[in-house]
Amino acid sequence: MSEERRADVPERETGQQADLAATPAAQSSALDPASALAAKEEEVRGLIDRLKRLQAEFDNYRKRILRDLAELEQRASDREVLDFLPLYDNLARAFAAHAKDGNVEDFVSGVERIFGQFAQILEQKGVCRIKTTGEPFDPSRHEALLCIQSKEPANVIVEEFSPGYTRGERTLQPSKVSVSQGPAPDAKEEV
């Protein structure tokens, strides 16, 4: 068996040598070193040309993706604006009616209905108001404007100055709040 293996090795090598001899570069090198060099230079030029084309294609692809993303962002923004245009139109009509006849009760009633529409749109979009007063302070959802002594335990919100909103798990706008530092030291001693 070892003799068979030895006999196979020269045949494989001979086969590989025959394959190499069949390539144009090998044939030309056997004929003339100058033509072999010219063939290699042509091959390099072809590879460089291919590389340049691939690079240009990738640049075009990148520009197209950026353009598509900008267009997608614009369309999403347009959809959001379309939801609020009826509210704007209703407010304009309410102000025009108030300017025409001066009826304050109808104006207030119309604005209240518009406010209800606004709340409905926010709800449809998954926007929720952040709970504040009496809740524990959460720096990811609340912004403390004041820290005050109060009868509430420490780090409990005692007052909301401006509401905050979330959408899903993301905070869109934190609530601006006043946070308790707990009872004053004198108050603890009196109890």
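Given the structure is predicted, the values throughout are model-derived calculations rather than measurements.

Here is what the cut-offs are and how they apply
Residues numbered from 1 in each chain as written. Predicted model: local features only at pLDDT ≥ 70, side-chain atom pairs only at ≥ 80, totals over all residues. Heavy atoms only, no water. Salt bridge = Lys/Arg side-chain N within 4 Å of Asp/Glu carboxyl O. Helix = DSSP H or I, 4+ residues; strand = E, 2+ residues; numbered from the N terminus. pLDDT = per-residue confidence, 0-100. Contact = heavy atoms within 4.5 Å. Polar contact = N/O pair within 3.5 Å; in protein donor to acceptor, adjacent residues only side chain to side chain. Expected span 1.5 Å × (residues − 1). Bend = angle between axes of the 7 residues up to and from the residue. Buried < 20%, exposed > 50% of the residue type's maximum accessible area, 1.4 Å probe, protein only. Phe/Tyr/Trp six-rings, centres within 6.5 Å; stacked < 30°, edge-to-face > 60°.

**Student:** What am I meant to see in the pattern of salt bridges here?
**Tutor:** Side-chain pairs of opposite charge can arise where the charged atoms are in close proximity. Within the structure shown, the criterion is met by 8 salt bridges. In this structure, Lys176 and Glu143 form a salt bridge, with 3.5 Å as the shortest nitrogen-oxygen distance. Here Lys176 is found in strand β6 (residues 175-180), whereas its partner Glu143 is found in strand β2 (residues 142-148), with 33 residues between them in sequence. Beyond isolated ion pairs, a larger network of salt bridges with shared partners links Glu80, Asp83 and Lys125.

**Student:** Teacher, can you tell me more about the confidence of the model for the protein chain here?
**Tutor:** For any part of a model where pLDDT is low, the fine detail of the predicted coordinates should not be relied upon. Predicted confidence across the protein chain gives a mean pLDDT of 84, with 81% of residues reaching 70 or more. With pLDDT under 50 throughout, residues 1-21 is counted as low confidence; its partners more than four residues away or in other chains account for 3 contacts.

**Student:** Just checking my understanding: could you explain the environment of Asp106 for this structure?
**Tutor:** With respect to the helices, strands and loops of the structure, Asp106 is situated in helix α4 (residues 104-124). Separated by 12 residues in the primary sequence, Asp106 and Ala94 have C-alpha atoms spaced 8.4 Å apart. One polar contact links Asp106 to Asn103, side chain to side chain, over a distance of 2.8 Å.

**Student:** I would appreciate a short explanation of helix α3 (residues 33-101) in the present structure.
**Tutor:** The periodicity of an α-helix, 3.6 residues per turn, causes residues three or four positions apart to be oriented the same way. The end-to-end C-alpha distance of α3 is 101 Å, a good match for the 102 Å that 69 residues give at a rise of 1.5 Å each. Most pronounced at Phe84, the bend in α3 amounts to some 30 degrees, and the proline Pro86 follows within four residues. Those residues of α3 that fall on the buried side of the exposure criterion are Ala36, Leu87, Asn90 and Ala94. Gly102 occupies a position one or two residues after α3 and carries a positive phi of about 70 degrees.

**Student:** Explain the packing of aromatic side chains here, please?
**Tutor:** Aromatic ring pairs are defined here through the distance separating the ring centres and the angle between the ring planes. Counted by the stated rule, this structure contains 3 aromatic pairs. With a centroid separation of 5.3 Å and an interplanar angle of 45 degrees, the aromatic rings of Phe84 and Phe118 are classed as tilted. One end of the pair, Phe84, is in helix α3; the other, Phe118, is in helix α4, and 34 residues separate them in sequence. Relative accessible area serves as the criterion here: at 38%, Phe118 is assigned to the partly exposed category. Aromatic pair Phe95 and Phe107: ring centres 5.0 Å apart, planes at 55 degrees, arrangement tilted. In this pair, Phe95 sits in helix α3 while Phe107 sits in helix α4, placing the two residues 12 residues apart along the sequence.

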